[in-house]
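For reference, the chains in residue letters:
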Amino acid sequence: MNKNEKVDALLHKRRDVMLGGGEKAIQKQKESGKLTARERIDLLLDKGSFNEYDLFVQHDARDFGMAEKVLNGDGVIIGTGTIDGKPVCVFAQDFTVVGGSLGYMHAKKITKIQDVAMKMRVPCIGINDSGGARIQEGVSSLAGYGEIFYRNTQASGVIPQISVILGPCAGGAVYSPALTDYVFVVDKVSKMFITGPEVIKTVLGEEISQEDLGGARVHSEITGNAHFFAHNEEECFLQIRKLLSFIPHNNKSGAGKLQSEKPEVNIDINSVVPIDPTIPYDVRQVIKAVTDKSDFIEVMEKFAQNIVVGFGRIDGKTVGFIANQPFYLAGVLDVNSSDKAARFIRYCDAFNIPIVTLVDLPGYLPGVDQEHAGVIRHGAKVLYAYSEATVPKITVILRKAYGGGYIAMSSRHLNADFVYAWPTAEIAVMGPQGAANIIFRKEIMEAENPEDMRKQKVEEYKERFANPYVAAAKGYVDSVIEPAETRGMLIHALLLCENKEEVKSDRKHGIPPF
Amino acid sequence: MEEQKKIIIKVDESEYTTYSTPAYDRIPKWEHPDDRYIAAIIPGTIVGISVKEGDAVSDGEPMLVIEAMKMNNQIKFGRSGIVDKILVKPGDIVSKGQNLMILK
């Protein structure tokens, strides 16, 4: 062979392997409403930026007739590329090659790209579409999973790790996504569960579809395993690109500063929040009124909607927002919203993203279900996460901040850097109804007309305590501000916090409530 | 916003008008457990029943065997009493929390 022939041979070999499971399997993949692994990588990355590694890797399994089987790429594609010009690592399981099943070399390819991501401090994005362990490889395939999980854990808080579920992801395979920072799912495409419908049917006799058991909606709305929901794969990849434009690409780099831009003018921040604390509104309007271009990317939009978390920019710099959402469940803290908030706080802290907290909540959700579900343990996560976080913490109390909810939502007492309150703020030990009934129980009971007396006492309590000035008098609130001043105050506070330094204790790590 | 169910949430005697979430809608209403009923602690298939209705049973006595994940699990009585009613038969598939027997 001369040189040209050798090059031709390479191109030929490459073309063959890049067909994955072959044209028939590709056809089948498309018929099931899915894109191929290569199409997915192309949609995710900047055009033409993908560089593939380990294309010619082969498995070395010998049992059950595997020795004769050639599996192109061993069912997974790995490589590097760019998103908005910034480098990222990516792997995509190829379902057309024996159902994307995970054998040892398949796993080796994944851990190789994880190692590159970690060494180069760039984000790692994994596209999951696999039937699970390659049974013929036995314990080797389990070893493969374990080595992936170990790297997921080591990389946690160092580089962003993103999992995209674009097909089945079942059994042990689900634990890699669960260990990563963000799980993206697509309606009718993603399926995640530990034990599938078949096992459930045999053991329990219960019939349930894959979709109802672990579809995209279930994980977005009920389980909280997924963080971003898309209607189709194209939308999903745009979401990933958008998220990566907001977050730092490692724990040292920072997100970078863009040109500062004004919020969209059509949101009047003065009129968003009703004075009556029992009336709902959409707190995202407040977020949009203070962020550059009113651009806000919400994380876990469909789960525990009583708290809103996500990223926006203020004066060109990325901040993480945590806001009680009175529109849903009155904005209470409960098991789910506590979990959601606490994890997001820890994410921001790990990646040096300042936290802005918007407070409007009546407290914790009462109920047997909540107590038995461990709301004590879950609620404590919020306290722990805020107390532990050393990134800039700026709090704005919009309206009600009662009792334990007030303390938990990044209060001065948990070491917030700046606490502001709007004139509509009500910072009190509990809501006026409850407080008046306890404090003035005797007067109310002994009154000629108890109902009138109750009303009068509630009004008295409201007048004296349901405001920001009692807390301001003690210095728990730094400034009572007009709503329209909020963005300006936040910009200034963030500027002041830029070189914030807190001495960390030399303990190995704390033991947060799980 | 998507179509949502309007609800009232009461915290500290104040009533808040607000909207429900999918997870909130699934919260089962709590009922006081009736200790005459014995419920399955694991899901599985009933493979054998060690007692019959009318039997006097004591704490720790074998009740029945549930096969789950290829394991035969011997389930024992947690208290003494008389078997009033047996609600399952061998071959039945039971889910966790399903009532198996009534004691009196």
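To be clear, the structure that these remarks concern was listed above.
As the structure is a prediction and not an experimental result, all values here were calculated from the model. Within each chain, residues carry numbers counting from 1 in the order of the written sequence. Labels follow written order: the first chain is A, the first ligand is 1, and so on. Local features in this predicted model are restricted to residues of pLDDT 70 or higher, and side-chain atom pairs are both shown and tallied only at a pLDDT of 80 or more, whereas totals for entire chains, interfaces and linings draw on every residue. Excluded from the side-chain calculations are hydrogens and water; all other atoms, namely the structure's heavy atoms, are used.

Turning our eyes to something else, we now look at the pairing of strand 4 (residues 124–128) of chain A. Residues and elements named next belong to chain A. Of all five residues making up strand 4, five are buried, and the element is well covered by its neighbours. Side chains of strand 4 alternate between two faces, with Cys 124, Gly 126 and Asn 128 and Ile 125 and Ile 127 buried alike. Strands are treated as partners if at least two bridges between them are detected by DSSP. Secondary structure follows DSSP: runs of H or I at least 4 residues long count as helices, runs of E at least 2 residues long count as strands, and numbering of each begins at the N terminus. Bridging between strand 3 (residues 86–93) and strand 4 involves four bridges; their strand directions are parallel. Its bridge partner lying in strand 4, Phe 91 is registered against Gly 126. If you view a crossover with the strands going away from you and the path from the first strand over the helix to the second runs clockwise, you call it right-handed. For the handedness criterion, the β-α-β arrangement of strand 3, helix 4 (residues 104–120) and strand 4 is classed as right-handed. In this sheet, strand 5 (residues 161–165) lies alongside strand 4 in parallel orientation, the contact comprising five bridges. In the sheet register, Ile 125 faces strand 5, and the bridge partner there is Ile 162. Throughout, exposure labels follow a simple rule: accessible area from a 1.4 Å probe, protein chains only, divided by the maximum for the residue type, with under 20% read as buried, over 50% as exposed, and the rest as partly exposed.

Quick look at the sheet that holds strand 6 (residues 62–68) of chain B now. Residues and elements named next belong to chain B. With antiparallel pairing, four strands are arranged side by side in an open sheet as 7-6-4-9. Whereas interior strands pair on both sides, the edge strands pair on one side only; in this sheet they are strand 7 (71–76) and strand 9 (93–94). Bridge count between strand 4 (residues 44–49) and strand 9: two bridges; the pairing is antiparallel. Bridging from a neighbouring strand, Gly 44 pairs with Val 94 of strand 9.

Residues and elements named next belong to chain A. By convention a nonpolar core is built from buried Ala, Val, Leu, Ile, Met, Phe, Trp, Tyr and Cys residues, the set being connected through side-chain atoms within 4.5 Å. In terms of nonpolar packing, the biggest core is built from 66 residues, with Tyr 182, Ile 240, Phe 311 and Ile 322 touching the most fellow members. If you count residues domain by domain, this core takes at least three from each of domain 1 (3–246) and domain 2 (269–430 + 466–498). Contacts were defined at the residue level, with two residues in contact if any of their heavy atoms lie within 4.5 Å. If we ignore the near neighbours within four places in the chain, the residues touching Ile 240 are Leu 44, Ile 125, Ile 162, Val 164 and Phe 184. Boundary definitions for the domains trace back to an automatic or database domain assignment.

Glancing now at the sheet that holds strand 3 (residues 37–39) of chain B. Across the sheet, which stays open at both edges, the four strands sit in the order 3-10-8-5 (chain B) with antiparallel pairing between neighbours. For this open sheet the edge positions go to strand 3 and strand 5 (56–57) of chain B, each flanked by a neighbour on one side alone.

So, on to the side chain of Thr18(B). As for its position among the elements, Thr18(B) is in strand 2 (residues 14–19). Thr18(B) gets classed as buried once you look at its relative accessible area, which sits at 0%. Reaching out from Thr18(B), the side chain makes a polar contact with the backbone nitrogen of Leu329(A) at a distance of 2.9 Å. Not counting chain neighbours up to four residues away, the residues in contact with Thr18(B) comprise Pro280(A), Pro326(A), Phe327(A), Tyr328(A), Leu329(A), Ala330(A), Lys5(B), Lys6(B), Ile7(B) and Ile9(B). Any pair of nitrogen or oxygen atoms within 3.5 Å is treated as a polar contact; in protein, a donor-acceptor pairing is required on top of that, and neighbouring residues in sequence qualify only through side-chain atoms on both sides.

A separate point is the pairing of strand 14 (residues 393–402) of chain A. Residues and elements named next belong to chain A. For strand 14, the tally of buried residues reaches 10 of 10 residues, placing the bulk of the element in the interior. Sheet analysis places strand 13 (residues 355–361) next to strand 14, joined by six bridges and oriented parallel. Among the inter-strand pairings, Val 356 is bridged to a residue of strand 14, identified as Ile 394. Of the strand pairs in this sheet, strand 14 and strand 15 (residues 418–421) are connected by four bridges, and their pairing is parallel. Residue pairing across strands places Ile 397 opposite Ala 421, the latter belonging to strand 15.

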